[in-house]
Amino acid sequence: QVQLVESGGGLVQPGGSLRLSCAASGTVFSIATMNWYRQAPGKQRELVATIDSDGGTDYSDSVKGRFTISRDNAKNTMYLQMNSLKPEDTADYYCYADIRDWSGRFRDYWGQGTQVIVSS
(Lines give C-alpha, C1' and ligand atoms only; values in the text may rest on other atoms or scores of the structure.)
Protein backbone atom coordinates (compact mmCIF):
# COMPACT_ATOMS: atom_id res chain seq x y z
CA GLN A 1 0.00 0.00 0.00
CA VAL A 2 1.32 3.40 -0.99
CA GLN A 3 1.15 6.21 1.52
CA LEU A 4 1.40 9.94 0.96
CA VAL A 5 2.73 11.94 3.87
CA GLU A 6 2.49 15.72 3.92
CA SER A 7 4.63 18.01 6.00
CA GLY A 8 5.58 21.66 6.28
CA GLY A 9 2.34 23.22 7.39
CA GLY A 10 2.02 25.58 10.28
CA LEU A 11 1.24 29.09 11.40
CA VAL A 12 2.65 31.99 9.41
CA GLN A 13 2.01 35.72 9.28
CA PRO A 14 0.52 37.35 6.19
CA GLY A 15 3.22 37.91 3.61
CA GLY A 16 5.23 34.99 4.89
CA SER A 17 6.21 31.75 3.22
CA LEU A 18 5.85 28.04 3.76
CA ARG A 19 7.04 25.03 1.84
CA LEU A 20 4.86 21.94 1.86
CA SER A 21 6.19 18.50 1.03
CA CYS A 22 4.39 15.34 0.00
CA ALA A 23 6.38 12.13 0.00
CA ALA A 24 5.14 8.85 -1.43
CA SER A 25 6.31 5.66 0.23
CA GLY A 26 5.67 2.00 -0.37
CA THR A 27 5.78 0.14 -3.64
CA VAL A 28 5.85 3.01 -6.12
CA PHE A 29 6.61 2.11 -9.71
CA SER A 30 5.82 5.47 -11.22
CA ILE A 31 3.83 8.61 -10.55
CA ALA A 32 1.85 10.46 -13.15
CA THR A 33 -0.02 13.60 -12.12
CA MET A 34 0.43 15.06 -8.66
CA ASN A 35 -1.84 17.77 -7.27
CA TRP A 36 -2.22 20.00 -4.28
CA TYR A 37 -5.74 20.65 -3.03
CA ARG A 38 -6.94 22.72 -0.13
CA GLN A 39 -10.10 22.98 1.90
CA ALA A 40 -10.92 25.93 4.11
CA PRO A 41 -13.49 25.73 6.92
CA GLY A 42 -16.98 25.80 5.46
CA LYS A 43 -15.65 25.64 1.91
CA GLN A 44 -15.44 22.94 -0.71
CA ARG A 45 -12.14 21.40 -1.65
CA GLU A 46 -10.39 23.25 -4.43
CA LEU A 47 -7.52 22.38 -6.71
CA VAL A 48 -4.56 24.61 -5.97
CA ALA A 49 -1.91 23.35 -8.37
CA THR A 50 -1.09 20.39 -10.54
CA ILE A 51 2.10 19.01 -12.02
CA ASP A 52 2.37 16.27 -14.61
CA SER A 53 5.07 13.66 -15.06
CA ASP A 54 7.03 15.93 -17.39
CA GLY A 55 6.97 18.85 -14.99
CA GLY A 56 4.20 20.81 -16.66
CA THR A 57 2.25 22.89 -14.17
CA ASP A 58 -1.05 24.69 -13.77
CA TYR A 59 -2.34 26.84 -10.94
CA SER A 60 -5.61 28.20 -9.69
CA ASP A 61 -6.01 31.91 -10.33
CA SER A 62 -6.05 32.61 -6.61
CA VAL A 63 -2.47 31.38 -6.12
CA LYS A 64 -0.91 32.07 -9.50
CA GLY A 65 2.27 34.07 -9.16
CA ARG A 66 2.59 33.28 -5.46
CA PHE A 67 2.78 29.47 -5.28
CA THR A 68 5.12 27.13 -7.10
CA ILE A 69 4.56 23.40 -7.44
CA SER A 70 7.49 21.11 -8.13
CA ARG A 71 8.47 17.48 -7.88
CA ASP A 72 11.53 15.34 -7.38
CA ASN A 73 10.85 12.08 -9.17
CA ALA A 74 13.92 10.38 -7.72
CA LYS A 75 12.50 10.98 -4.24
CA ASN A 76 8.84 10.45 -5.17
CA THR A 77 8.20 13.79 -3.56
CA MET A 78 6.18 16.85 -4.48
CA TYR A 79 6.52 20.34 -3.08
CA LEU A 80 4.44 23.46 -2.85
CA GLN A 81 6.36 26.65 -2.24
CA MET A 82 3.91 29.23 -0.92
CA ASN A 83 5.00 32.86 -0.89
CA SER A 84 3.18 36.08 -0.09
CA LEU A 85 0.67 34.16 1.95
CA LYS A 86 -2.70 35.71 2.63
CA PRO A 87 -5.27 34.95 5.34
CA GLU A 88 -7.51 33.48 2.65
CA ASP A 89 -4.86 30.82 2.04
CA THR A 90 -5.71 29.35 5.44
CA ALA A 91 -6.85 25.79 4.86
CA ASP A 92 -5.99 22.15 5.16
CA TYR A 93 -3.76 21.25 2.24
CA TYR A 94 -3.98 17.79 0.71
CA CYS A 95 -1.59 15.96 -1.53
CA TYR A 96 -2.91 13.83 -4.40
CA ALA A 97 -0.98 11.49 -6.65
CA ASP A 98 -1.86 9.16 -9.50
CA ILE A 99 0.50 6.29 -8.78
CA ARG A 100 1.30 3.03 -10.49
CA ASP A 101 1.71 0.81 -7.48
CA TRP A 102 2.39 -2.85 -6.75
CA SER A 103 -0.72 -3.90 -8.69
CA GLY A 104 0.71 -2.51 -11.91
CA ARG A 105 -2.26 -0.16 -12.22
CA PHE A 106 -2.51 3.55 -11.65
CA ARG A 107 -4.50 4.39 -8.55
CA ASP A 108 -5.52 7.57 -6.77
CA TYR A 109 -3.78 8.28 -3.48
CA TRP A 110 -4.43 11.04 -0.98
CA GLY A 111 -2.46 12.37 1.93
CA GLN A 112 -3.98 13.06 5.32
CA GLY A 113 -3.59 16.81 5.02
CA THR A 114 -1.44 19.45 6.63
CA GLN A 115 -2.84 22.60 8.17
CA VAL A 116 -1.79 26.05 7.03
CA ILE A 117 -2.89 29.04 9.09
CA VAL A 118 -2.10 32.54 7.86
CA SER A 119 -2.80 35.02 10.61
CA SER A 120 -1.25 37.98 12.34
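Details of the structure are given in the entry above.
Residues numbered from 1 in each chain as written. Predicted model: local features only at pLDDT ≥ 70, side-chain atom pairs only at ≥ 80, totals over all residues. Heavy atoms only, no water.

Asks: Would you take a moment to explain the environment of threonine 114 for this structure?
Replies: Locating threonine 114 in the fold gives a position in strand β11 (residues 114–118). With relative accessibility at 10%, the residue threonine 114 sits in the buried group. For the pair formed by threonine 114 and methionine 78, sequence separation is 36 residues and the distance between their alpha carbons is 14 Å. Among all residues touching threonine 114, those that are not within four sequence positions of it are Glu6, Ser7, Gly8, Gly9, Leu20, Ala91, Asp92 and Tyr93. (Helix = DSSP H or I, 4+ residues; strand = E, 2+ residues; numbered from the N terminus. Buried < 20%, exposed > 50% of the residue type's maximum accessible area, 1.4 Å probe, protein only. Contact = heavy atoms within 4.5 Å.)

Asks: What is the right way to look at the pairing of strand β7 (residues 67–72) in this model?
Replies: Remark: a regular strand shows side chains that alternate across the two faces of the sheet. Burial along β7 is one-sided: Phe67, Ile69 and Arg71 are buried, and none of Thr68, Ser70 and Asp72, which face the opposite way, are. Sheet analysis places β7 next to strand β8 (residues 77–82), joined by six bridges and oriented antiparallel. Bridge pairing in β8 places threonine 68 opposite glutamine 81. In sequence, β7 turns back onto β8 through a hairpin of four residues, with asparagine 76 there showing a positive phi of about 50°. (Pairing = 2+ DSSP bridges.)

Asks: Got a minute to help me understand unusual backbone geometry in this structure?
Replies: A negative phi holds for most residues other than glycine; trans holds for most peptide bonds. Although it is not a glycine, asparagine 76 adopts a positive phi angle of roughly 50°. Given a relative accessible area of 22%, asparagine 76 falls into the partly exposed group. Backbone geometry at serine 84 places phi at a positive 50°, although glycine is not the residue there. Among the secondary structure elements, serine 84 is positioned in the loop between β8 and β9 (91–100). Of the residues examined, serine 84 reaches a relative accessible area of 42% and is grouped as partly exposed.

Asks: Could you clarify how one ought to interpret the sheet that holds strand β1 (residues 3–7) in this entry?
Replies: The strands making up a sheet associate through hydrogen bonds between their backbones, and the pairing can be parallel or antiparallel. One open sheet holds the four strands; their spatial order is β1-β3-β8-β7, and the pairing between them is antiparallel. Each having just a single partner strand, β1 and β7 make up the two edges of the open sheet. Neighbour-to-neighbour, the strand axes of this sheet turn through a mean angle of 15°, independent of strand direction. Note: strand β3 (residues 18–25) against β8, six bridges, orientation antiparallel. (Axes fitted to C-alpha atoms, helices over the stretch in contact; angles between N-to-C directions.)

Asks: How should I be thinking about the state of the cysteines in this particular structure?
Replies: The bond known as a disulfide is covalent and runs between the sulfur atoms of two cysteines. Applying the stated criterion across every chain yields a total of one disulfide. Here cysteine 22 connects covalently by a disulfide to cysteine 95, the sulfurs 1.8 Å from one another. Its torsion about the S-S bond being -70°, the disulfide of cysteine 22 and cysteine 95 is classed as left-handed. Within this pair, whereas cysteine 22 is found in strand β3, its partner cysteine 95 is found in strand β9, the two being separated by 73 residues in sequence. Each member of the pair, cysteine 22 together with cysteine 95, is buried. (Disulfide = S-S within 2.5 Å.)

Asks: What is the right way to look at the pattern of salt bridges in this model?
Replies: Side chains bearing opposite charge may pair, as long as their charged atoms lie close to each other. In total, this model carries five salt bridges according to the counting rule given. We note a salt bridge from glutamate 46 to arginine 38, for which the minimum N-O separation is 2.7 Å. Exposure remark for glutamate 46: the relative accessible area of 31% places this residue in the partly exposed category. Between lysine 64 and aspartate 61 there is a salt bridge, with its nearest N and O atoms 3.3 Å apart. Both residues of the pair, lysine 64 and aspartate 61, count as exposed. Through salt bridges with shared partners, a single network forms among Arg38, Glu46, Arg66 and Asp89. (Salt bridge = Lys/Arg side-chain N within 4 Å of Asp/Glu carboxyl O.)

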